[in-house]
Amino acid sequence: MYHSVAQDGDDPYLITVHPRRFRQQIRWLAARGLRGVGVGALVRAHALGRARGLVGLSFDDGYRDFADQVAPVLAEYDFTATVYVVAGKLGGHNDWDCEGPRKPLMTPRQVQEVAAAGLEIGSHGLTHRRLAGLGRRELAAQIVDSRVALEDVTGAEVEGFCYPYGSYDRAAAEAVAEAGYGYACATGRSGGSRLALPRCYVGERDGAVRLAVKRGLHRWRS
């Protein structure tokens, strides 16, 4: 689970990885015979029993640096990934963060280019709201309307949803299923179902040793 890859010095939420560190992390995966793929591809591979050696790479929020910094490195290593886009904020900024720097988000054209390059586009809601506790109408706006908007931009089906802040409840998960998504991502260990897939946070401090520990913990929990 990544967010932003940039050279920002101000990072109060610990969501930014320096481009140099990101390249090291991707190189670490490749050196161990692992291949980064989108989460949708990983889910399908699991269903077929063919997920060995695959690592799902996900990027939340849809920052513009995904197109500028992340996509070229992934292409260099023949990796793919999923970027979860806030559909109602395309071309805007991360105005949901009270502190920290304003980070530009991908424009509709950049989302189209990323999708055309073979990277998965998923929904991160319409306006980056916490979904737990919302009523049916509000859930529909965040889950259904965001999917429709992104499919209009990409011209392709949007398979995955990612809960903003990792916030969801039974009603939110049911709304995701009813909207036709194939899977949804949470944060941390979560419930482990297809509608609340667990993810491992990766940050600036995660060098080779910390990545090895996280990989070991994943194997143990699995």
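Please refer to the structure placed before this passage.
Now for a description of the structure that goes with this document. If you're wondering where the values come from, they're calculated on a predicted model, not measured in any experiment.

**Brief notes about the overall build of the chain**
Counting its regular elements, the chain contains seven helices and nine strands. For the chain, whose C-alpha radius of gyration is 16 Å, the value lies close to the compact-globule estimate of 17 Å for 222 residues. If you line up the chain on its principal axes, its C-alpha atoms span 45 × 40 × 30 Å. Evaluated residue by residue, the chain yields a buried proportion of 46% over its 222 residues. If you take every contact in the chain between residues at least 6 apart in sequence, the share linking residues at least 24 apart comes to 61%. As displayed, the chain offers around 11,000 Å² of accessible surface, 50% of which is attributable to carbon and sulfur atoms.

**Description of unusual backbone geometry**
Phi at L14 takes a positive value of approximately 55°, unusual for a residue other than glycine. With respect to the element layout, L14 can be found in the loop between strand 1 (4–5) and strand 2 (16–17). In this model, Y165 sits at a positive phi of 65°, which is unusual for a non-glycine residue. The exposure class assigned to Y165 is partly exposed, which follows from its relative accessible area of 36%.

**A look at helix 2 (residues 39–47)**
Along helix 2, the residues that are buried comprise V39, G40, L42, V43 and A45. Each element contacted by the buried residues of helix 2 is listed here: strand 3 (35–37), strand 4 (54–56), strand 5 (58–61), strand 6 (82–85), strand 7 (120–123) and strand 9 (183–185). Backbone geometry just after helix 2 places G49 at a positive phi near 70°.

**Overview of the pattern of salt bridges**
The final tally for this structure, using the stated rule, is 13 salt bridges. A salt bridge links R147 to E157; the nearest nitrogen and oxygen atoms lie 3.2 Å apart. Taken together, the residues R147 in helix 5 (residues 136–154) and E157 in the loop between helix 5 and strand 8 (160–162) connect sequence positions 10 residues apart. In this structure, K214 engages D206 in a salt bridge whose closest nitrogen and oxygen atoms are separated by 2.8 Å. Owing to a relative accessible area of 1%, D206 belongs among the buried residues under this scheme.

**A word on helix 5**
With 19 residues, helix 5 extends 26 Å from end C-alpha to end C-alpha; this agrees with the ideal 27 Å at 1.5 Å per step. For helix 5, the complete set of buried residues consists of L139, Q142, I143, S146, R147, L150 and V153. As for helix 5, its buried residues are in contact with strand 6, helix 4 (108–116), strand 7, strand 8 and helix 6 (170–178). Just past helix 5, the residue G155 takes up positive phi, approximately 75°.

**What to know about the side chain of S167**
Mapped onto the fold, S167 is located in the loop between strand 8 and helix 6. We classify S167 as buried; its relative accessible area is 12%. From its side chain, S167 meets the backbone nitrogen of A132 in a polar contact 3.2 Å long.

Calculation rules
- Every chain is numbered independently, its residues counted from 1 as its sequence is written.
- Selection of residues for local features in this predicted model requires a pLDDT of at least 70, selection of side-chain atom pairs for listing and counting requires 80 or more, and totals for whole chains, interfaces and linings are taken over all residues.
- Hydrogens are left out, water is left out, and the side-chain values use all remaining heavy atoms of the structure.
- We count a stretch as a helix when DSSP gives it H or I for four or more residues in a row; a strand needs E for two or more, and each element gets its number in order from the N terminus.
- Here the radius of gyration uses the C-alpha set of atoms, whereas the globule reference equals 2.2 Å times the residue count to the power 0.38.
- The rule is simple: take the accessible area with a 1.4 Å probe, protein chains only, and divide by the maximum for that residue type; under 20% is buried, over 50% is exposed, in between is partly exposed.
- By definition in these notes, contact holds between two residues if any of their heavy atoms fall within 4.5 Å.
- Residue burial considers only the protein chains on display, and all accessible areas are found by Shrake-Rupley using a 1.4 Å probe.
- Counted as salt bridges are all cases of a side-chain nitrogen of Lys or Arg within 4 Å of a carboxyl oxygen of Asp or Glu.
- Multiplying one less than the number of residues by 1.5 Å gives the expected span of a helix.
- Nitrogen and oxygen atoms within 3.5 Å of one another constitute a polar contact, given that in protein one can donate a hydrogen and the other can accept it, and given that sequence-neighbouring residues count only through two side-chain atoms.

Structural measurements only, silent on function.
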